[in-house]
Amino acid sequence: MARRAGAAHVFLPKRVDPPLSKTFPPRWRPTPKLRLRTIPKWRLGRGGSSALFRPSKYGGPLAISRLPFRQVLKPAPPPGLVKPVSLGLFWRPAFPGACAKLVVQGPRPWEHGGAQRSFPGMGEAEEGSRGWTWRLPGAPVAAGVLCGALAVLVLLGVRDVLFLYEENRCSMTYMFEYPEYLKIKLPRKISRRYPAYELYLYGEGSYAEENRNLLLTGIPVLFLPGNAGSFKQVRSLGSIALRKAEDLDFKYHFDVFSVNFNEELVALYGGSLQRQTRFVHECIKVILKLYKGREFAPRSVALVGHSMGGLVARALLTLKNFKAELLTVVVTQATPHMAPVMPLDQYLTDFYTAVNHNWILKAQEIRNLTTLSVAGGFRDYQVRSGLAFLPRSNQPNCALSVVSSGVPRVWASTDHLSIVWCKELILATVRAFFDLIDENTKQITEDPHKRMLVLNHHFLRHPAKFLGEQPEPLSELTGALTWVQIKASKWSYTVYNESDGKYFTFPLSSHRKSYSHVHCQNNILDTHSWMFGCINSTSSMCLQGVDLTWKAELLPTVKVVTLKLQDYPSLTHLVLHVPAVNGNKFTLDCEFFNEASRTVQLPVTHLLSFGFSSSKIILNSTGLIHNIQLQHFGQIYQAFKIYVESHCQSFKERRSSVYRLHIPWSHEDSLTWSQVPSSTEISAKLHIAQPENDTTVPVLNIYSSSDCIYEVTLKTSFLQVLGQVIRFHGGIIPVYIISNILLAYGRQLKSLISTGQCSDFVPALTKAARPYKVEPVVNIIKFLLGLNWFKGIWDILLLPELDAVTPNNQDKSFPFVSLILFMFGTGIAYWGGILFNSSIRLSSSLWLAVTRPSDLPPDNRLLTPRRLCVAASIVLLSWTTCGALAILITYSHYVFKVIKLHSNVRTELSVLNMSSKNSEQISDDSKKECGKSCESVDSIAEAATSSIGPSAIDRMVDSLRMHVTVINLLTWIVLLTCPSLIYWLKNLRYHITLDPDPYRFLALILIAILEILMNSNTTKVKSSKLLKIAVHLPFPSSVAVVAFTPMHLYRIPYFVIIPLFLHASCSIV
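Visitor: Explain the pattern of salt bridges residue by residue, including any values.
Guide: A pair can form between side chains of opposite charge whenever their charged atoms are brought close. Inspection of every chain in the model, using the stated rule, returns 22 salt bridges. Across the pair Glu246 and Arg243 runs a salt bridge whose closest N-O atoms are separated by 3.0 Å. In this pair, Glu246 and Arg243 are both assigned in helix α5 (residues 235–247), 3 residues apart and thus about one turn of the helix distant. Of the residues examined, Arg243 reaches a relative accessible area of 14% and is grouped as buried. In the salt-bridge network here, residues are joined through shared partners; they are Glu177, Glu204, Arg243 and Glu246.

Take a look at the structure:
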């Protein structure tokens, strides 16, 4: 059993008569009896800092400080006064949140001069039934546990996004010959204007040798790499296109070009996107000139863009002198079309606004341009698929957006890089390009309707037929084949070796009254026609029929056709053709059914059920197809696990069952297949939320085995719900972290006014981080913006639109998104603050280990000639190179000064500790020699406080706490500005000055503010008249960060420097 610590009593000088107290100085007025109550002993730890109770410098009122070592100061009393007995209690919390409190018994003891009303880090005294109470520094245990739980939830969501996805089912593409990249010589004017960019032509083996003279006769395709992408990523597309051309004996072939963008970080820095767009325009003109004078010379170029390269391809339409006729087809791979993943600078967001606005505004002008966007699915955690869907325009028939998991013959999710080399996806792209060729012009067809037919054929619904085979109106069913009539409503046929083909006929007249649909499937995945609708027949055979094979759909293991009988009233029979099969197993199944009997509704479980409840359904029918409608499933935050268990009646050899999750409002289907009997787990979550006016329902299609019964169970997956929150809003969590830090910063400024001391960051955060302070203000602003008069005033003041994550009609099942994100930010800020303090402490230990301890700087002036020179040098550096570089240097300088300050505090406390030990030893010896004791104690006490007093150390600790919080804010500013710094470093050999620089103006302001703050202290701040104004700014800044920066992260530093500017002003005024 853990023992509990009893109450510790501290006896200060005995109370004397009031007349006698007037003979002593005020600092030695008698004090009442103090009683200290602590937490149980088992909560006390050995590590961490200690709480020390000691009298003040001259033995006056009780003071409290936190020291990194155990020490009790025993001041020497004046002669004739009863000796005090001092007892130090050392509080060593084993974890953040351990607490203790100090109770002073007596009526308002500070009025008698015996105790202070407030102590450093303890706040004002609170009157209770047992006396006056001060709480020791330290956040409550519940706050630490809650923040820890929130941080764990964030980590679980990140883990789901980054690691818990389906396995990679893509095959690698291989080159049969060594790939070569022939550099295209550009005009001198273009090379000088764009020195970092290049144009290459891909080739292999003999084909590359033939193209060295640039006598090109093919169809031009230009590949645009994305963020930090290489021009060599074109090799998969170029190699497969070359192999396909060889199969056709080079009847048609493609010349695949690639642009070298110097692997620029355009997803994080938008200043070069416009430059890249203009260079691509020049490349298109250069490429078309290479074919000038050739037979069948192309008049346009097909573009394939990966990641941000796809956005650059669409941005060509924003150029004033660009002709839309130069483009016919644009294919984008994992391109964030809707919005930037991380809007870190204004150039990036402005570029997106211009491209998407032009896309909608000029929809009529670009109606002849066909655009395909392919998203990677849930494996792509860099660009979520919802961002890869093209903006809706007035010409929906010229654009198509799909997810790779639903593309026929791909059926796999791809990550952000594998989408350029996934063999299955590249094959689909190359097949589509070859089907787009017009036989007359030997170039890509100029018919936009045909182009959309080709893309739908290869990327939406593949009937297992060659697109070049034009379906004939009527097919002659002739040949010496056996005709077999089938009257049963459910029929199956299996053959292993069939030398002659057969025709099976199903009379429809006997089935129309009883059934509404017919479903057939076979396992031979070739391209021959196998299903016909008879319109001219005799008593024993069908003479002419309509080819219904084009209505089929290719699935991973079977071809399926589902027809509604009511749509084909003129058909008399359904004819199935079984070709000659030599050594292969051929299976054909067919059944008539009513749609209502095969369609069941399964309501999904509530989002907050955490997987403890489930919805279950048993499919007793042994049909070939089942449709399960997932009711109330349409929100992006919903995530479920669907368990499908198959129970079969016999153990014969079976086919695979295919499970398809069909989302009707977007092309993001996902397919899973497994052998039966088995237990299969399916993840159900969305990339796009259900539109408000859409009434369709997601459906789980089960293409089953005919003799199996299926049990379907659906549960909410709490971990995947967290993953969806991180996937859609993980990029804006820094907004809420900074909002929490600003609230804690404001609390620290308030403590300077109320107690005269600066509280620590963690206790300040636990007291100030209240989402109900921030969220209501944001929601009120959003409500008022719905009023015309308020919106008019808002526009007159030129205020930006709200970016806040506020609930809408589509978030009814998850209405507290912003609140949860704020709490996530609180948890990360809490433990981030602890980690940050620990890193400062560790850095100061390392600094003391490698350097000699130094005294405090004697010059306390804010501005000195040396400091002005340093500031001017950094300003000049910012103006001539990169603003982010100047911010990083100033930040590093600030951190270095704080580490030195922390080291100085530890050094002074160590000196104070040694002096106090000597004082204590002499005081013990004075018990035997009463006459000499008083003189000895006086001399040692004076020596102990001669260099620097405890009150000065307290002021240094207060300044240190404030500096640490400011650096915490600055750390996030540095992180947000670092991408432009990295971009500048990568292009340093081409340009010394970053142009345009999104943070040059910000750097100039920050340099001036930080040069003042890093040399300031809380003593000057407390005495400033501006402090009462500065203390009110962090809260509106915190609200503004949540309201205006989620979609514009580059605004965060500007809202942060507002309170920092007032803080710096407090050090001057």
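Visitor: With reference to specific residues and values, describe the pairing of strand β25 (residues 531–537).
Guide: As paired elements, β25 and strand β29 (residues 573–578) share 4 bridges and run antiparallel to each other. Opposite Met531, over in β29, you have Leu576 as the bridge partner. Bridge analysis of β25 against strand β26 (residues 542–547) gives 5 bridges, and the strand direction is antiparallel. From the neighbouring strand, Ser537 faces β26, where its bridge partner is Cys542. The loop that links β25 with its antiparallel partner β26 comprises 4 residues.

Visitor: Quick one: what's the story with the sheet that holds strand β33 (residues 625–631), residue by residue and with numbers?
Guide: Across the sheet, 5 strands lie side by side as β31-β33-β38-β35-β36; this open sheet has mixed pairing. Each edge of the open sheet is held by one strand with a lone partner, namely β31 (599–603) and β36 (670–675). Ignoring which end each strand starts from, the neighbouring axes of this sheet average 20° apart. Sheet topology places strand β35 (residues 656–662) next to strand β38 (residues 699–703); 5 bridges connect them, and they run antiparallel. Residue pairing across strands places Arg660 opposite Asn701, the latter belonging to β38.

Visitor: Would you mind going over the environment of Pro1059 in detail, with residue names and values included?
Guide: With respect to the element layout, Pro1059 can be found in helix α26 (residues 1052–1066). Sequence separation between Pro1059 and Val1031 is 28 residues; the distance between their C-alpha atoms is 8.2 Å. Leaving out residues up to four positions away in the same chain, Pro1059 has contacts with Leu742, Tyr745, Leu1033, Pro1034 and Ser1037.

Visitor: A description of the state of the cysteines should follow, citing residues and the corresponding values.
Guide: If you walk through the whole model with that rule in mind, you get 4 disulfides. Between Cys170 and Cys422 runs a disulfide, and the two sulfur atoms are separated by 2.2 Å. Disulfide Cys170-Cys422: torsion about the S-S bond near -80°, hence left-handed. Residue Cys170 is found in the loop between α2 (141–162) and β10 (179–183), and its partner Cys422 is found in the loop between β17 (399–403) and α9 (423–435); the two are separated by 252 residues along the sequence. Judged by its relative accessible area of 12%, Cys170 falls in the buried class. Looking at Cys422, the relative accessible area reads 0%, which means it is buried. Take the cysteines of the protein chain that form disulfides and number them in order along the sequence; they join up as 1-2, 3-6, 4-5, 7-8. Free of any disulfide, Cys978 has its nearest neighbouring cysteine sulfur in Cys882, separated by 9.5 Å. Cys978 sits in the partly exposed class, given a relative accessible area of 22%.

Visitor: Help me get a handle on the environment of Leu237, residues and values and all.
Guide: Considering the arrangement of structural elements, one finds Leu237 in helix α5. Taking relative accessible area as the criterion, Leu237 reaches 7% and is therefore assigned buried. Separated by 183 residues in sequence, Leu237 and Val420 place their C-alpha atoms 7.6 Å apart. Setting aside residues no more than four positions away along its own chain, Leu237 makes contact with Val221, Val256, Val304, Ile426, Thr429 and Val430.

Cut-offs and rules
- Residues numbered from 1 in each chain as written.
- Predicted model: local features only at pLDDT ≥ 70, side-chain atom pairs only at ≥ 80, totals over all residues.
- Heavy atoms only, no water.
- Salt bridge = Lys/Arg side-chain N within 4 Å of Asp/Glu carboxyl O.
- Helix = DSSP H or I, 4+ residues; strand = E, 2+ residues; numbered from the N terminus.
- Buried < 20%, exposed > 50% of the residue type's maximum accessible area, 1.4 Å probe, protein only.
- Pairing = 2+ DSSP bridges.
- Axes fitted to C-alpha atoms, helices over the stretch in contact; angles between N-to-C directions.
- Contact = heavy atoms within 4.5 Å.
- Disulfide = S-S within 2.5 Å.

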